[in-house]
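Coordinates in review
Residues per chain, in single letters:
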Amino acid sequence: MRNQRSVKQEFLRKWITGLRRYSCDEKKNMSFLERKKAIKLSADIAMASTRDKTTRWSQALIANASSSGDTLTGSSKNNSSRSRKKMLMMRRRRPKVKSAKKEMSASCIAKRLAEKRTRKLKNLLPGGESIDEGCLVEETLDYIESLRAQIEVMRYLVTASQLIINPYP
């Protein structure tokens, strides 16, 4: 693993480059939601590219951004059609019919609980659906470490900007 400080510096450099690209490419009068989306997208891409495609979650973030043509205005059609499809899928589901309760062993309950938690974890991790259980924990820990670095860099940036705006509190 690389030095955490150099990871943060590289993330910050790539994030600022991405933010500049969006501010130059897009109209100057961005709405709050467009600005929020640009910040998140550039932070995600910067975080993923900092990993040099060495993890599946970073590959998934970059692939999602490039496959959806994710610009500030271009992805709204894809997202709305995806959400419509998702809503239709949810409507088609039939309610489960409750059957008589069966005696379940502790090992069966533990196995179901572990499977449920594994599914939830796979849904939280970008590209997690395609990751096997053996690599899932390692990928998740790496993703969490990258998110922590991203949060620290963003906190530093906010603190620095506050000091510039109001140098004498």
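What counts and what doesn't
- Numbers given to residues run from 1 along each chain, matching the order in which its sequence is written.
- Thresholds applied to this predicted model are a pLDDT of at least 70 for local features of residues and 80 or more for the giving and counting of side-chain atom pairs; totals over whole chains, interfaces and linings are not thresholded and use all residues.
- For the side-chain quantities, the full set of heavy atoms in the structure was used; hydrogens and water were omitted.
- By nonpolar core is meant a set of buried Ala, Val, Leu, Ile, Met, Phe, Trp, Tyr and Cys residues that side-chain atoms within 4.5 Å join together.
- Classification of residues uses two cut-offs on accessible area relative to the type maximum, computed with a 1.4 Å probe and protein chains only: under 20% is buried, over 50% is exposed, and between them is partly exposed.
- Put simply, DSSP H or I for four residues or longer makes a helix, DSSP E for two residues or longer makes a strand, and each gets a number counted from the N terminus.
- Between two residues, a contact is recorded if the distance between any of their heavy atoms is within 4.5 Å.
- Points on a 1 Å grid, built from protein atoms alone, make a cavity when a 1.4 Å probe fits but cannot get out and make a pocket when they are open with protein on both sides within 12 Å along at least 5 of 7 lines; residues with an atom within 4 Å of a point are the lining residues.
- Grid points are joined across faces, edges and corners, and a volume is the space filled by probe spheres set on the points.
- In this count, Pro and Cys sit with the nonpolar residues alongside Ala, Val, Leu, Ile, Met, Phe, Trp and Tyr, while Asp, Glu, Lys and Arg are called charged and the others, Gly among them, polar.
- Polar contact criterion, stated in full: a pair of N or O atoms within 3.5 Å, where within protein one must be able to donate a hydrogen and the other to accept it, and residues adjacent in sequence count only if both atoms are side-chain atoms.
- Patch construction takes residues with relative accessible area above 30% that form no salt bridge. Like charges are linked within 9 Å, and nonpolar side chains (Val, Leu, Ile, Met, Phe, Trp, Tyr) are linked within 5 Å.
- Residue burial considers only the protein chains on display, and all accessible areas are found by Shrake-Rupley using a 1.4 Å probe.
- The rule for a salt bridge is simple: a side-chain nitrogen of Lys or Arg has to be within 4 Å of a carboxyl oxygen of Asp or Glu.
- By the counting rule applied here, Lys and Arg register as positive and Asp and Glu as negative, while His and the ends of each chain are not counted.
- The atoms used to mark charge sites are NZ of Lys, CZ of Arg, CG of Asp and CD of Glu.
- One less than the number of residues in a helix, times 1.5 Å, gives the span that helix is expected to have.
- Lines are fitted to the C-alpha atoms to define the axes, a helix being fitted only along its stretch in contact, and any angle between axes, read from their N-to-C directions, falls within 0 to 180 degrees.
- In what follows, roughly perpendicular refers to angles from 65 to 115 degrees, roughly parallel to angles under 35, roughly antiparallel to angles over 145, and oblique to any angle outside these ranges.
- Handedness of a crossing is defined here by the sense of rotation of the near helix relative to the far one, left-handed for an anticlockwise turn of less than a right angle and right-handed for a clockwise turn.
- Confidence scores per residue from the predictor, reported as pLDDT, run from 0 to 100.
- Only rings of Phe, Tyr and Trp enter the pairing, Trp through its six-membered ring, and a pair is recorded when the two centres are within 6.5 Å. The plane angle decides the type: under 30 degrees is stacked, over 60 is edge-to-face, the rest tilted.

Section: the nonpolar core
If you look at the biggest cluster of nonpolar residues, it comprises 13 residues, and the most contacted ones within it are F11, W15, M47, W57, L61, L125 and Y143. Among the secondary structure elements, those contributing two or more residues to this core are helix 1 (4-25), helix 2 (32-50), helix 3 (56-67) and helix 6 (133-165). Counting residues per element, this core draws most heavily on helix 2, at 4 residues. Leave out the neighbours within four places in its chain, and F11 touches A43, A46, M47, T50, Q150 and V153. Counting 5 residues, the second largest nonpolar core, distinct from the first, contains Y22, M30, A38 and L41.

Looking at empty space enclosed by the protein
In total, this model carries 2 cavities of 30 Å³ or more according to the counting rule given. Estimated volume of the largest cavity: approximately 40 Å³. Considering the residues around the largest cavity, the lining is formed by V7, F11, M47, T50, R51, S146, A149 and Q150. Secondary-structure elements contributing two or more residues to the lining of the largest cavity are helix 1, helix 2 and helix 6. Split into classes, the residues belonging to the lining of the largest cavity amount to 4 nonpolar, 3 polar and 1 charged.

Focus: the environment of S130
Mapping S130 onto the fold places it in the loop between helix 5 (106-124) and helix 6. Residues S130 and W57, spaced 73 residues apart in sequence, show a C-alpha to C-alpha distance of 9.9 Å. Within polar-contact distance, the side chain of S130 engages the backbone oxygen of G127 at 3.1 Å.

Some points on a positive patch on the surface
A cluster of basic residues, K116, R117, R119 and K120, forms a positive patch at the surface. Relative to the helices and strands, K116 resides in helix 5. Classification of K116 as partly exposed rests on a relative accessible area of 43%.

Considering helix 6
Given a rise of 1.5 Å per residue, 33 residues ought to cover 48 Å, and the 48 Å separating the end C-alpha atoms of helix 6 matches this to within 8%. Taken residue by residue, helix 6 has L136, E139, T140, D142, Y143, S146, A149, Q150 and V153 as its buried positions.

Section: the packing of helix 2 against helix 3
One can describe the packing of helix 2 onto helix 3 by two numbers: an axis separation of 8 Å at closest approach and a directional angle of 140 degrees. On the basis of the axis angle, helix 2 is oblique to helix 3. As for how helix 2 packs across helix 3, the hand of that crossing is left-handed. In this structure, helix 2 uses L41, D44, I45, M47, A48 and S49 to contact helix 3, whose residues at the interface are W57, S58, L61, I62 and A65. When its residues are assigned to classes, the contact of helix 2 with helix 3 shows 8 nonpolar, 2 polar and 1 charged.

So, the confidence of the model for the chain
Of the residues in the chain, 73% reach a pLDDT of 70 or more, and the chain-wide mean stands at 78. Per-element mean pLDDT across the chain ranges from 50 in helix 4 (residues 75-92) up to 92 in helix 5.

Points about the packing of aromatic side chains
What the rule picks out here adds up to 2 aromatic pairs. Where F11 meets W15, the ring centres are 5.8 Å apart and the plane angle is 15 degrees; that geometry is what we call stacked. Linking F11 with W15, this pair stays in helix 1, spanning 4 residues, or about one helical turn.

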